[in-house]
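Residue strings, one per chain:
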Amino acid sequence: MADVGVTRLSGRAFEGKMSPSGGSEGGWYAIAQASGVKVDPACKTAYDELHNKHQHSYIIFRISDDDTAIVVDKKGEKGAPYTEFVEEIRKTIGDGKECRYAAVDVEVQIQRQGTDTTSRLSKVIFVQFCPDEAPVRRRMLYASSVRALKASLGLESLMQVQASDLSDIDEKAIKHELMSHQRV
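Within each chain, residue numbers correspond to sequence positions counted from 1 in written order. Local features in this predicted model are restricted to residues whose pLDDT is 70 or higher, and side-chain atom pairs enter the listing and the counts only when it is 80 or higher, whereas totals over whole chains, interfaces and linings include all residues. Neither water nor hydrogens contribute to the side-chain values; these are computed over all heavy atoms in the structure.

Brief notes about unusual backbone geometry
At H54, a residue that is not glycine, the phi angle is positive and equals roughly 55°. Tracing the sequence through the fold places H54 in the loop between helix 2 (41-51) and strand 4 (56-63). For the exposure calls, accessible area comes from a 1.4 Å probe over protein chains only, and a residue counts as buried if that area is under 20% of its type's maximum, exposed if over 50%, partly exposed in between. A residue is classified by how much of its surface remains accessible, and H54, at 34% relative accessible area, is partly exposed. Although it is not a glycine, D67 adopts a positive phi angle of roughly 60°. Segments assigned H or I by DSSP are reported as helices when at least four residues long, segments assigned E as strands when at least two residues long, and all are numbered from the N terminus. Its location among the elements puts D67 in the loop between strand 4 and strand 5 (69-77).

Observations regarding the sheet that holds strand 5
For two strands to pair, DSSP has to find at least two bridges joining them. Spatially, six strands are ordered 3-5-4-6-7-8 in an open sheet, and the strand pairing comes out mixed. Strands with a single pairing partner mark the edges of an open sheet, and in this sheet they are strand 3 (38-39) and strand 8 (159-163). Bridge analysis of strand 7 (residues 118-129) against strand 8 gives five bridges, and the strand direction is parallel. When the bridges of strand 8 are listed, Q128 appears paired with Q162. Contacts between residues were defined by any pair of non-hydrogen atoms, one from each residue, lying within 4.5 Å. Between N-to-C directions, angles span 0 to 180 degrees; the directions come from axes that are lines fitted to C-alpha atoms, helices contributing only their stretch in contact. Along the sheet, helix 4 (residues 136-153) contacts strand 3, strand 4, strand 5, strand 6 (100-111), strand 7 and strand 8; its crossing angle with strand 4, the most-contacted strand, is approximately 130°. Helix 5 (residues 171-180) contacts strand 6, strand 7 and strand 8 of the sheet and is inclined by roughly 65° relative to strand 6.

Points about a negative patch on the surface
Residues enter patches when their relative accessible area tops 30% and they take part in no salt bridge; the joining distance is 9 Å for like charges and 5 Å for the nonpolar side chains Val, Leu, Ile, Met, Phe, Trp and Tyr. Only the protein chains shown count as cover for residues, with accessible areas throughout obtained via the Shrake-Rupley method and a probe of 1.4 Å. By definition here, a salt bridge exists when the distance from a side-chain nitrogen of Lys or Arg to a carboxyl oxygen of Asp or Glu is within 4 Å. Neither His nor the chain ends is counted toward charge; the positive residues are Lys and Arg and the negative residues Asp and Glu. Here the site of a charge means NZ on Lys, CZ on Arg, CG on Asp, or CD on Glu. Together, D95, D132, E133, D165 and D168 give the surface a local cluster of negative charge. Among the secondary structure elements, D165 is positioned in the loop between strand 8 and helix 5. When its relative accessible area of 41% is taken as the criterion, D165 is described as partly exposed.

Details of the packing of aromatic side chains
A pair of aromatic rings is counted whenever rings of Phe, Tyr or Trp (Trp by its six-membered ring) have centres within 6.5 Å, and the orientation is called stacked for planes under 30 degrees apart, edge-to-face for over 60 and tilted otherwise. In the structure shown here, the tally under the stated rule is four aromatic pairs. Measuring from centroid to centroid gives 5.0 Å for Y101 and Y142, while their planes differ by 45°, and the two rings are tilted. Remark: Y142 occurs in helix 4 and Y101 occurs in strand 6; sequence separation between them is 41 residues. Each member of the pair Y101 and Y142 is classed as buried. An aromatic cluster is built from Y58, Y82 and F85, whose rings are joined through pairwise contacts.

Re the nonpolar core
Y47, F61, I63, I70, Y101, L149 and L153 are the most contacted members of the largest nonpolar core, which totals 25 residues. At the level of secondary structure, the elements contributing two or more residues to this core comprise helix 2, strand 4, strand 6, strand 7 and helix 4. Among the elements that take part in this core, helix 4 stands out by supplying six residues, more than any other. F61 has contacts with C43, I70, V71, V72, D73, R100, Y101, A102, A103, L149 and L153, leaving out every residue within four places of it along the chain. Put simply, buried Ala, Val, Leu, Ile, Met, Phe, Trp, Tyr and Cys residues joined by side-chain atoms within 4.5 Å make one nonpolar core. Residues A80, I93, V127 and I174 belong to the second largest nonpolar core, which totals 22 residues.

Regarding helix 4
Since one α-helical turn is 3.6 residues long, residues separated by three or four positions face the same way. Taking 1.5 Å per residue, 18 residues should reach 26 Å; helix 4 reaches 26 Å between its end C-alpha atoms and fits that length. Its maximal kink placed at S145, helix 4 deviates by approximately 35°. Listing the buried residues of helix 4 in full gives R138, L141, Y142, S145, V146, A148, L149, K150, S152 and L153. Downstream of helix 4 by one or two residues, G154 has phi in the positive range, about 75°. Helix span, expected: 1.5 Å multiplied by one less than the number of residues in the helix. What the bend at a residue measures is the angle between two axes, fitted to the seven residues ending there and to the seven starting there.

Structure below.
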């Protein structure tokens, strides 16, 4: 294994080792070394409740105030409309100075080929929301920490949305994007 050395990011130094192929040792923990931000185990528990048990309609994640961990910020009640999720994001970003991650259970009606009826399809999407007005340091911290969250939650196969404005997470646009990825 070759030493990567020490990297400075947001005023702190981090050390890690990488394999010659570019991979890293230690699973998601090594990925977290890129920014030094770790994923709180409560995030995985909440995500499993959303994805597997459908106990929530969305989960909003944030980086803790001391910039050391990704934590659960808000859980949406089961059956809450998508508009509630958008409103919560609007409230959490305030005047556009904050970033957030989210996992959202989106339900769409689809018409399958060869049938006259529609079916309900529920898909979880991952949203990385970083407004353009957020400080560069915050945007960089969120961008460099997202891999750790995705790896620890197993989000690689989900539809992912990178948003900088509320219009990027518009319900109609998200549902249209989901439909375009479905075989009907």
